[in-house]
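Structural overview
What follows is the residue order along each chain.
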There are 2 protein chains.
Amino acid sequence: MHKEETVKTATFYHAGCPVCVEAERTIAESLDPAHYKVETVHLGEQKGRIAEAERAGVKSVPVLVVEGAPFHINFGAPLSALKG
Amino acid sequence: MHKEETVKTATFYHAGCPVCVEAERTIAESLDPAHYKVETVHLGEQKGRIAEAERAGVKSVPVLVVEGAPFHINFGAPLSALKG
């Protein structure tokens, strides 16, 4: 199942917070395009996508979800704070 | 100070734990080589480098330190557990 040559889709969920912006600039935008196609989702603006993040096991933002597995990067805000 | 064209040095600190291995495979090894040259350091085997990680603000592994700033990726083990 491990194909180095395949471009995977990764989703970077954030909430526009300073910690999120730093993670986006430093990590999400620096992933090798030969490995990942990165979609960026602002959960504060796209609340309809909170449920899918939650199903992937996302607890907080910023987070990069790769093949259904969440990689939380530092801590900006809990997912629960974005539901209001 | 923000040069997109410059290759930066990033240090990925880990402790060989399952969470660390996942983060290494998924993130550290997937960074764009045009952006980062990544050095990987196993702090369990190179305890002499724990102090430098601590000075960068590292609290736990796995973590990627970029230009002195730590990006903790999920949670494998606290830095304190590696000092023994």
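Described in the following lines is the structure provided in the data block. What you see is a predicted model, and the numbers here were worked out from it, not measured in a lab. (Residues numbered from 1 in each chain as written. Chains lettered and ligands numbered in written order. Predicted model: local features only at pLDDT ≥ 70, side-chain atom pairs only at ≥ 80, totals over all residues. Heavy atoms only, no water.)

Take chain A, turn it by 180 degrees, move it 0.0 Å along the axis, and it overlays chain B with an RMSD of 0.0 Å. Taken together, the turn and the small shift mark the pair as related by a two-fold rotation axis. Mapped onto chain B, 100% of the interface residues of chain A are again interface residues, and the two copies thus contact each other with one and the same surface. (Least-squares fit on C-alpha atoms with pLDDT ≥ 70 in both. Contact = heavy atoms within 4.5 Å.)

In terms of nonpolar packing, the biggest core is built from 22 residues, with L64 of chain A together with L64 of chain B touching the most fellow members. Elements that contribute at least two residues to this core include exactly β1 (8–14), β3 (60–66) and β4 (69–78) of chain A together with β1 (8–14), β3 (60–66) and β4 (69–78) of chain B. L64 of chain B has contacts with I27 of chain A together with A10, T11, F12, L31, V38, A69, P70, F71 and I73 of chain B, leaving out every residue within four places of it along the chain. (Core = buried A, V, L, I, M, F, W, Y, C linked by side-chain atoms within 4.5 Å. Buried < 20%, exposed > 50% of the residue type's maximum accessible area, 1.4 Å probe, protein only. Helix = DSSP H or I, 4+ residues; strand = E, 2+ residues; numbered from the N terminus.)

In this section: the pattern of salt bridges. Residue and element names in this part refer to chain B. According to the stated counting rule, one finds 10 salt bridges over all chains in the structure shown. A salt bridge links E54 to K83, with the shortest nitrogen-to-oxygen separation between them at 2.6 Å. One end of the pair, E54, is in helix α2 (residues 50–55); the other, K83, is in the segment after β4, and 29 residues separate them in sequence. Accessibility expressed as a relative area gives 38% for E54, which makes it partly exposed. In this structure K83 comes out as partly exposed when scored by relative accessible area, which is 45%. (Salt bridge = Lys/Arg side-chain N within 4 Å of Asp/Glu carboxyl O.)

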